[in-house]
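# Structure at a glance
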Amino acid sequence: MTGSTQGDLAKTATLDELYPKLAAIEMGAGWNKPTASLWPSPGSTFRPFHWRYDQAKGALDAAGRLIDTALAERRNLILMNPIAGNNYATAATTVVAYQMIMPGEQARSHRHTPNALRLVLDAKPGAFTVVDGVKLPMLPGDVLLTPNWSWHGHGNESDAPAYWLDFLDVPIVHLLNPMFFEPYPGDFEPGTELAGTSPLLFRWEDTERRLDDAAGGQNGAHAVEIKLGDPALDTLALSMIRLTPDAETTPVRTTANNVYACVSGEGETEVGDARFAWRRGDVVVAPAWERHRHRSSGGAVLFRVSDAPIMTKLGFFRSE
Ligand code: GTQ
Ligand code: FE2
């Protein structure tokens, strides 16, 4: 037995003597509150933050010279929330990354339990992701899903580098622990050409038409929001928001974490006390319970990735 005996502990004369005895047996006095465990409302540890596509592009172009996909598997830049001790997550449940693949390259196929999706930023016809044997084209504004345990590899048969944003629920898989990962036997999964539509692909041309058709009047007519999927993935809900010229949306906060990526136009987002002026390809994170609103003078389209499905399933969703 390590630590004091039952009798020893029972005879302890003072609290100051009790605490070290407890520490030695890996127990803590709940009343002594070394760390708070309950608090009145979400005091999110994650910070509102903004990442710029032009900087990511510069770094990815350098990485294109310095590292190849054979070595790297994925040439990606993780958007790490700048809080102490974090070197991975963008928000509590979500990680976002910029990724680039050069002409002629292949990023080998694999599968994992984390759900993933991509928003294409710059790509020419010939860039694609093979998902479970189907070759999904990647063009700017397209959103591609690679759900839990689906095989996926990326290729680029165009003459230009292809850039996109990855969104994954890895932090929630880290927390709950059901992580599995498998490389594809034989490196790159061959894909048949996509005939027609796929539930894993939301093409920009379709999204744009849906935005055009969507009734105004949402959020005081300053914004129209359409869902991509219902929800797209078990953990993440996706939507496209069109901000009208001179838009100023009503501030909202929810227990969900929201990540916004600019698909077109320019604007700014206030998150808590922070204010971020963004443009195409930029990413802004609004952590849980941070009040936020968007503005755009010339109009813009924002892609929204929200972990609301997690919060809703667990009974934790609140909004105001
Ligand atoms: O493209 O499969 O940014 O598995 C992180 C993990 C991208 C991917 C990331 C991944 C991928
Ligand atoms: Fe992956």
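Right, let's walk through the structure included here. (Residues numbered from 1 in each chain as written. Chains lettered and ligands numbered in written order. Predicted model: local features only at pLDDT ≥ 70, side-chain atom pairs only at ≥ 80, totals over all residues. Heavy atoms only, no water.)

Before going further, it helps to examine the coordination of the iron ion (ligand 2). At the metal site, the iron ion (ligand 2) is ligated by His110 (NE2), His112 (NE2) and His152 (NE2), and these contacts range over 2.1 to 2.2 Å. Of note, the iron ion (ligand 2) draws all its donor residues from one chain, in the sequence arrangement H-x1-H-x39-H. As far as the burial class goes, His110 and His112 line up, both buried. (Donors = N, O, S within 2.8 Å, 3.2 Å for Na, K, Ca; no water. Buried < 20%, exposed > 50% of the residue type's maximum accessible area, 1.4 Å probe, protein only.)

In this section: the pairing of strand 18 (residues 274-279). Judged from the 6 bridges that link them, strand 17 (residues 258-271) and strand 18 form a sheet pairing that is antiparallel. Its bridge partner lying in strand 18, Glu268 is registered against Ala277. Linkage of strand 17 to strand 18, two consecutive antiparallel strands, is achieved through a turn of 2 residues, within which Gly272 is found at a positive phi near 55 degrees. (Pairing = 2+ DSSP bridges. Helix = DSSP H or I, 4+ residues; strand = E, 2+ residues; numbered from the N terminus.)

This brings us to the site of ligand 1. All residues adjacent to ligand 1 are Arg74, Asn76, Ala97, Gln99, His110, His112, Arg118, His152, His154, Asp166 and Leu168. Within the side chain of Asn76, one N or O atom sits 2.9 Å away from an oxygen atom of ligand 1. Against a free-state accessible area of 290 Å², the protein chains account for coverage of 89% of ligand 1. Of all the elements in the fold, those that place two or more residues in the shell around ligand 1 are strand 3 (95-101), strand 4 (106-112), strand 9 (152-156) and strand 10 (162-168). (Near = heavy atom within 4 Å. Polar contact = N/O pair within 3.5 Å; in protein donor to acceptor, adjacent residues only side chain to side chain. Areas by Shrake-Rupley, 256 points an atom, 1.4 Å probe, with all protein chains shown as cover.)

To continue, consider the environment of Pro245. Along the chain, Pro245 falls in the loop between strand 15 (237-243) and strand 16 (247-248). For the pair formed by Pro245 and Lys57, sequence separation is 188 residues and the distance between their alpha carbons is 28 Å. Apart from the residues lying within four places of it in its own chain, the contact partners of Pro245 are Ser296, Ser297, Gly298 and Gly299. (Contact = heavy atoms within 4.5 Å.)

Turning to the sheet that holds strand 7 (residues 134-137), a few remarks are in order. Overall, mixed pairing links the 6 strands, which are arranged 11-4-9-6-7-12 in an open sheet. Of all strands in the sheet, those bounded by a partner on one side alone are strand 11 (181-183) and strand 12 (192-193). By the bridge criterion, 3 bridges tie strand 4 to strand 9 in an arrangement that is antiparallel. Its bridge partner being in strand 9, His110 is matched across the sheet by His152.

Side chains of Leu66, Ile67 and Leu71 sit close together on the surface and give an oily, nonpolar patch of about 330 Å² of accessible area. Inspection of the secondary structure puts Ile67 in the loop between helix 3 (53-66) and helix 4 (69-72). A residue is classified by how much of its surface remains accessible, and Ile67, at 32% relative accessible area, is partly exposed. (Patch = residues over 30% accessible without salt bridge, like charges linked within 9 Å, V, L, I, M, F, W, Y side chains within 5 Å. Salt bridge = Lys/Arg side-chain N within 4 Å of Asp/Glu carboxyl O.)

Moving on: the packing of aromatic side chains. On inspection of all chains with the given rule, the structure shows 7 aromatic pairs. Where Tyr19 meets Trp31, the ring centres are 6.4 Å apart and the plane angle is 40 degrees; that geometry is what we call tilted. Note that Tyr19 is positioned in helix 2 (residues 15-24) and Trp31 in the loop between helix 2 and strand 1 (49-51), a separation of 12 residues in sequence. According to the relative accessible area criterion, Trp31 is exposed, its value standing at 54%. An angle of 85 degrees between the planes, with centres 5.0 Å apart, marks the rings of Trp151 and Tyr184 as edge-to-face. Placement of the pair is Trp151 in the loop between strand 8 (143-146) and strand 9 and Tyr184 in the loop between strand 11 and strand 12, with a sequence separation of 33 residues. Overall, Trp151 belongs to the buried group, its relative accessible area being 13%. Linked through ring pairs, Tyr53, Tyr98 and Tyr163 together constitute an aromatic cluster. The lysine or arginine in question, Lys57, covers the ring of Tyr163, its NZ or CZ lying 4.9 Å from the ring centre. Above the face of the Phe128 ring, Lys135 is positioned so that its terminal group lies 4.5 Å from the ring centre. (Phe/Tyr/Trp six-rings, centres within 6.5 Å; stacked < 30°, edge-to-face > 60°. Lys NZ or Arg CZ within 6 Å of the ring centre and 35° of its normal.)

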